[in-house]
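Okay, here's what each chain looks like letter by letter:
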Amino acid sequence: MASVSNPLNRFSWWRGFRNLFFFKSRPKWSVPIDWEKPENIEDYERELYYEGFITERYWNEDNLADYPIVKQDLADLEEHLMPIFWEYNQKARYYQNGFYKFQWIFMFGAFITTIFAVLTNFAIGLDADTQLLGFIDKNDAVRAFGIGTAVVSAITSYYTLLSNHGEPRKRWANYRRLAEELRMNYFRFLARLEPFDTPDRVDMLRKRVIEIRRKEHDNG
């Protein structure tokens with residue numbers, strides 16, 4: 001099998017810059033809650049590699065085609081475990097993004113509210129005949145800044161309420177924990193460690209996935 005360059009080695013300096021917390025925690029406005037499998041097999045195998053799973057395209061240690069048992073194990077995992085992993089992994093990303101989004105809205109909302117409040121107090125302290133920018137009188141400025149304070153404060157409070165009600169941080173933690181539990185079982189299955197060290201190991205894999213799926217419902 002021809003050697004394939006490691007996709008993680010490209011633009012390493014840019015990835016390091018983007019991994020700074022301020023940029024990494026920057027939310028996207030919309031992240032889908034459902035995962036869609038890439039139509040292109042290369043894109044799918046790249047996602048597998050990014051998540052730390054074994055894929056033949058980026059396995060440079062040896063030729064996996066020489067190990068039919070390992071390939072069968074990977075096929076069993078792809079059928080029974082990976083669909084649930086991708087589902088939970090995407091939900092964890094969705095709720096993580098939601099948590100960060102609410103935090104950013106609260107942070108900037110509180111900052112802008114403070115600015116409007118300072119401007120309101122500044123306008124109140126002006127002389128009665130003072131005009132801002134040469135054409136805005138004191139009363140109009142006080143009224144405008146007061147309305148701005150109320151509007152931004154209301155929006156910030158609304159999104160804070162949504163965050164508390166939706167519990168995105170709790171849901172993010174729950175789905176990430178379930179996804180990582182599936183990841184652990186993935187490698188235990190490949191290593192044929194307990195409980196996957198018996199002839200009925202595929203059945204045990206199915207049972208373990210069902211148990212983890214049940215935990216999702218138990219956690220609400």
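Residues numbered from 1 in each chain as written. Predicted model: local features only at pLDDT ≥ 70, side-chain atom pairs only at ≥ 80, totals over all residues. Heavy atoms only, no water.

Applying the stated rule across the entire model yields 16 aromatic pairs. Ring plane angle 85° and centroid distance 4.9 Å describe the contact between Phe-53 and Phe-85, whose orientation is recorded as edge-to-face. Taken together, the residues Phe-53 in the loop between α3 (41-50) and α4 (68-80) and Phe-85 in helix α5 (residues 82-124) connect sequence positions 32 residues apart. Across this residue pair, the class does not change: Phe-53 and Phe-85 are buried. Look at Phe-189 and Phe-196: their rings are 5.6 Å apart centre to centre, the planes differ by 70°, and that puts the pair in the edge-to-face class. The pair formed by Phe-189 and Phe-196 is uniform in burial state, with each residue classed as buried. Within the aromatic cluster, the residues linked to one another by ring pairs are Trp-35, Tyr-44, Phe-53, Phe-85, Trp-86, Tyr-186 and Phe-187. The ring centre of Tyr-44 lies 4.5 Å from the NZ or CZ of Lys-37, which sits over that ring. The side chain of Arg-201 reaches across the aromatic face of Phe-189, ending 3.9 Å from its centre. (Phe/Tyr/Trp six-rings, centres within 6.5 Å; stacked < 30°, edge-to-face > 60°. Helix = DSSP H or I, 4+ residues; strand = E, 2+ residues; numbered from the N terminus. Buried < 20%, exposed > 50% of the residue type's maximum accessible area, 1.4 Å probe, protein only. Lys NZ or Arg CZ within 6 Å of the ring centre and 35° of its normal.)

At their nearest, the axes of α4 and α5 sit 4 Å apart, and the two run at 50° to each other. The pairing of α4 with α5 is recorded here as oblique in orientation. When α4 is examined against α5, the residues Leu-77, Glu-78, Glu-79 and His-80 are found in contact with a partner set consisting of Met-82, Pro-83 and Ile-84. Tallied by class, residues from the contact of α4 with α5 come to 4 nonpolar, 1 polar and 2 charged. (Axes fitted to C-alpha atoms, helices over the stretch in contact; angles between N-to-C directions. Parallel < 35°, antiparallel > 145°, perpendicular 65-115°, else oblique. Contact = heavy atoms within 4.5 Å. Nonpolar A, V, L, I, M, F, W, Y, C, P; charged D, E, K, R; others polar.)

Its volume calculated, the second largest pocket comes out at about 260 Å³. Leu-48, Ile-54, Thr-55, Leu-74 and Glu-78 are, among the 16 residues lining the second largest pocket, the residues nearest its centre. Only α3 and α4 provide two or more residues apiece to the lining of the second largest pocket. Of the residues in the lining of the second largest pocket, the class split is 10 nonpolar, 1 polar and 5 charged. (1 Å grid on protein atoms, 1.4 Å probe; cavity = no way out; pocket = protein on both sides within 12 Å on 5 of 7 lines; lining within 4 Å. Points joined across faces, edges and corners; volume = space filled by probe spheres on them.)

When pLDDT is averaged along the chain, the result is 84, and 87% of the positions lie at 70 or above. Looking over the chain, one finds the lowest element-wise mean pLDDT in helix α1 (residues 12-18), namely 57, and the highest in helix α7 (residues 168-191), namely 94. (pLDDT = per-residue confidence, 0-100.)

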